[in-house]
Amino acid sequence: MRNPISTPDFETYSMDILLTGAKVNGDTVDVSWTDGQTSRYHHMWLRDNCACSGCIDPNSHERVDSIAIIPAEIRPLNVKVGLHGGLVVEWEQKVGECNGVSEYHPGWLRAFDYSNGSKPIEGWEMKTWGQDLEDDLPMFSAQEVFENEDVKYDFLVAIRTLGLAIVTDMPKDYEAFERISSQIGLLRDMNWGKIFEIIPKPDGEYIANRGFALDAHSDASTREYQPGFQIFQCVENTATGGESFWVDGFYIAEIMKRDYPDQYELLTTVPWEFANRSKGTHYRWTAPVLELDLAGNITAVRDTTWLREPLRQDFDMVPKLMEAYRTYVDLKSRRENQVERKLVEGDVAFVDNRRCLHGRRAFVPGSGMRHIRTCYGEREELISSIRMIERARNARENL
Ligand SMILES: [Fe+2]
Ligand SMILES: [Zn+2]
């Protein structure tokens, strides 16, 4: 059965746990559940989340009214357990287009219970890694990713959890690349275009087009919002050298936090400047190398050697900050913290650009061909694709 009671979203909710009772208690409605738990919801919260057809547009499932139309003293006239085991609230005042009676789906109400310490769903389960992942690289066949939703799901979750996954046996044409890349979601246009060909060019505008070794880095650290992931398709790789390697920036941050807490503090709080040197654009951004969220969890690494500006910080801070950065660079440069693979034709590597640093060993231009095709997208596209598969699974499970 699809949700028997409207919810303000497109998800399907479980009907396993129902309400057994509901009563007004001061400024909250207190409810009890069939599993013995109790929950409390403020009147204002309940009214703000009324899912009736006057409050939530039935087509878009978007909220119609501002919270400002709800009187501060809003109170229920009656509360009861509804026919389907949800909560029914009849309101004293009828405002806006609300029909004056709110019915809350029990599964929805339980999922959004905030009275038992639950917090918004944020981040995701994450597993950090060092060289150990080299023997256990998450690899998926292109055909299976295209044809089997369960494999596609595991592939997307691997990128989310590890920040790195490799698809093998991809046809190497441009269209196939667009097709596999779009498995994640919309791609991001950059100033050099949507898709960039990394091939040796003696006069190349970017050092990626030269034979240099590139140390592990995130791309586009000059942007206010660094791309959330990057995709690399190996079209040809017969040149001598040119092995790819990856470093889990979150793992490096963990080591720094544990072994060099003072330097970790500097790298997470003192901003660095990054600026590009492209002939036709001038991107520039200032932020710490290691970015934390409000809870102090690492959310991004911003670090591109060739895009770093000379430090402009308080005079006494400069040597300390450079020392901290050198520790971090030393850690990311250790083989024990790197996963290496010489990409072969048909490989497509997916990396979380704000977490999994990518680098390459030097190669000898002219010793063979090295052609890597690359593009960018956003983490939120990846997460949205994962959630769409989960939504479909939930709908099937709650049939
Ligand atoms: Fe790069
Ligand atoms: Zn309503």
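Enquirer: Describe the nonpolar core, naming the residues involved and giving the relevant values.
Expert: With 58 residues, the main nonpolar core has Ala165, Val167, Phe229, Trp246, Leu267, Val348 and Phe350 as its most contacted residues. In this structure, alanine 165 is in contact with Pro138, Phe140, Phe155, Ala158, Ile159 and Phe350, ignoring residues within four places of it in sequence. Counting residues in hydrophobic clusters, the runner-up holds 14 residues, among them Leu19, Val79, Tyr104 and Trp108.

Enquirer: For helix α4 (residues 149-162), give the residues involved together with the corresponding values.
Expert: Between the first and last C-alpha of α4 there are 20 Å, a value that for 14 residues agrees with the 20 Å anticipated at 1.5 Å per step. Among the residues making up α4, those that are buried are Phe155, Leu156, Ile159, Arg160 and Leu162. Where α4 is buried, its residues touch β7 (139-141), α3 (142-147), β8 (164-168), β12 (229-237), β19 (348-352) and α9 (379-397). Following α4 by one or two positions, glycine 163 adopts a phi angle in the positive range, close to 80°.

Enquirer: Help me get a handle on the sheet that holds strand β13 (residues 244-248), residues and values and all.
Expert: Overall, antiparallel pairing links the 4 strands, which are arranged β11-β20-β13-β18 in an open sheet. On the outer flanks of this sheet lie β11 (214-217) and β18 (338-341), each paired with one strand and no other. Each strand axis lies, on average, 20° off the axis of its neighbour in the sheet, ignoring direction. Sheet topology places β11 next to strand β20 (residues 356-360); 2 bridges connect them, and they run antiparallel. Paired with leucine 214 across the strands is arginine 360, a residue of β20. In the packing of helix α6 (residues 249-259) onto the sheet, contacts are made with β13 and β20, and the angle to β13 comes to roughly 45°.

Enquirer: Please provide a residue-by-residue account of the domain arrangement of the chain, values included.
Expert: When its domains are assigned, the chain resolves into domain 1 (19-118) and domain 2 (131-387). The straight-line distance from the C-alpha centre of domain 1 to that of domain 2 is 45 Å.

What counts and what doesn't
Residues numbered from 1 in each chain as written. Chains lettered and ligands numbered in written order. Predicted model: local features only at pLDDT ≥ 70, side-chain atom pairs only at ≥ 80, totals over all residues. Core = buried A, V, L, I, M, F, W, Y, C linked by C-beta atoms within 7 Å. Buried ≥ 20, exposed ≤ 12 C-beta atoms within 10 Å, placed from the backbone. Contact = placed C-beta atoms within 7 Å. Helix = DSSP H or I, 4+ residues; strand = E, 2+ residues; numbered from the N terminus. Expected span 1.5 Å × (residues − 1). Pairing = 2+ DSSP bridges. Axes fitted to C-alpha atoms, helices over the stretch in contact; angles between N-to-C directions. Domains from an automatic or database assignment.

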